[in-house]
Amino acid sequence: MMIYVDDFIIAAPTNIEIQTVVSMLQKYYDIKDLGEPKQYLNCALVRDYEKRTISLSQSAYMQKILRRETAIEEDSEALLDNDSFDHYQSVVGMLNWLAVKTRPDIRFAVTRLQHRLAKPTLYDIQALHHVIKYLRQYPDLGIVLAKSDELQFSAYSDASHADWQDSKSTEGVIWFFAGSPVMWFTKKQTITANSTTVAEWCALDQPSRDAMWLNKVADSLQLPRPDATVIYTDSINSQLLLSKKGGQIRQSLAFIEIFLRQRCCCTRSYQHTQGGIQA
């Protein structure tokens, strides 16, 4: 059962089990059964019984964003006036809600726009409109949940080295469960990585912590636990560092290795696989 304030969804293998839960709740609370959900937390839910899928999208909410588009003035680094400033903050806030709910494809772009909320310029307005144009071209994208026999969590981690003006890097992670994205983020790293390898290495820290939490979630749902939770990275140097084939690790990064090896895996061992790290 998923609860948000006074709205909740009950899911079970059979209708009988759902009705049993509803009957128990009705003994203590005055609830109203609205039937199969069509919308939840501003997300449209479309169930395809033939394909056995559930699609989540925010098309109606997206139309509100698209209607907020305004004309772009001449390119300039000048700060925005009050009206444009409020417009920028409002639309970026709406885009953020979209990015964290059903559109991981715009998460990176929205994060960069958020870092300009304090002093946005007309250049930032132009960047904002590029995101809106992308959404206008692909308005129906969303998340599709489908039946799968592989009930396991896996993650893809990546980093962009020194892509900020202060030479700091961006890291991003997306988690999949049964083939569908369930959690994602991108953020500016707090340290200044002096190489791509260091940036990629540090990007593995957060997903390793997430793996510990997701394993607890899997246990609470009585899901089958694999021997290892796989985190994929495209950095061969980071994989070699974990497998002790890449030479010495700087002392400033040693704490990440200790965490990965001791806390994340406990008694499990690391396995160096093609394209991924099994913890």
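If you're wondering where the values come from, they're calculated on a predicted model, not measured in any experiment. (Residues numbered from 1 in each chain as written. Predicted model: local features only at pLDDT ≥ 70, side-chain atom pairs only at ≥ 80, totals over all residues. Heavy atoms only, no water.)

I'd like to hear about the overall build of the protein chain, residue by residue, with values.
Secondary structure assignment for the protein chain yields nine helices and 12 strands. When each of the 279 residues of the protein chain is scored for burial, the buried share is 35%. Within the protein chain, contacts between residues at least 6 apart in sequence are counted, and of these 64% link residues at least 24 apart. Counting every atom, the protein chain has about 17200 Å² of accessible surface; 52% of that belongs to carbon and sulfur. (Helix = DSSP H or I, 4+ residues; strand = E, 2+ residues; numbered from the N terminus. Buried < 20%, exposed > 50% of the residue type's maximum accessible area, 1.4 Å probe, protein only. Contact = heavy atoms within 4.5 Å. Areas by Shrake-Rupley, 256 points an atom, 1.4 Å probe, with all protein chains shown as cover.)

Account for the environment of alanine 228, naming residues and giving values.
By the element assignment, alanine 228 lies in the loop between α7 (205-220) and β10 (230-233). Look at alanine 228 and you get buried, because its relative accessible area is 13%. Sequence separation between alanine 228 and phenylalanine 153 is 75 residues; the distance between their C-alpha atoms is 9.7 Å.

Kindly report on the sheet that holds strand β4 (residues 43-48), identifying the contributing residues and their values.
Taken in spatial order, the four strands line up as β3-β4-β5-β6 in an open sheet, and their pairing is antiparallel. Edge positions in the sheet fall to β3 (39-40) and β6 (143-146), since each has one partner strand and no second. As defined by bridge partners, strand β5 (residues 53-57) adjoins β6 across four bridges and the pair is classed as antiparallel. Looking at β6, one finds that leucine 56 is bridged to isoleucine 143. (Pairing = 2+ DSSP bridges.)

Outline the pairing of β5, supporting the account with residue identities and numerical values.
Pairing between β4 and β5: five bridges, direction antiparallel. Bridging across to β5, aspartate 48 finds its partner in threonine 53. Counted between consecutive antiparallel strands, the loop separating β4 from β5 contains four residues, among which arginine 52 sits at a positive phi close to 60°.

So what's going on with a nonpolar patch on the surface? Residues and values would help.
The grouping of Met1, Ile3, Phe8 and Val21 at the surface amounts to a nonpolar patch, some 350 Å² of accessible area in total. Among the secondary structure elements, phenylalanine 8 is positioned in strand β2 (residues 7-9). Classification of phenylalanine 8 as partly exposed rests on a relative accessible area of 31%. (Patch = residues over 30% accessible without salt bridge, like charges linked within 9 Å, V, L, I, M, F, W, Y side chains within 5 Å. Salt bridge = Lys/Arg side-chain N within 4 Å of Asp/Glu carboxyl O.)

Please provide a residue-by-residue account of the side chain of arginine 107, values included.
Position of arginine 107 relative to the elements: it lies in helix α4 (residues 107-114). One buried charged residue, arginine 107, forms no salt bridge at all, with the nearest opposite charge on aspartate 105 at 9.7 Å. Excluding anything up to four places from it in sequence, arginine 107 contacts Asn96, Ala99, Val100, Gln114, Trp184, Phe185 and Thr186. (Lys, Arg positive; Asp, Glu negative; His and termini not counted.)

Go over unusual backbone geometry, please, and point to the residues and values.
The phi dihedral of asparagine 42 falls on the positive side, at around 65°, and the residue is not glycine. Mapped onto the elements, asparagine 42 comes out in the loop between β3 and β4. Phi at glutamine 222 takes a positive value of approximately 60°, unusual for a residue other than glycine. Of note, glutamine 222 is situated in the loop between α7 and β10. Classification of glutamine 222 as exposed rests on a relative accessible area of 72%.

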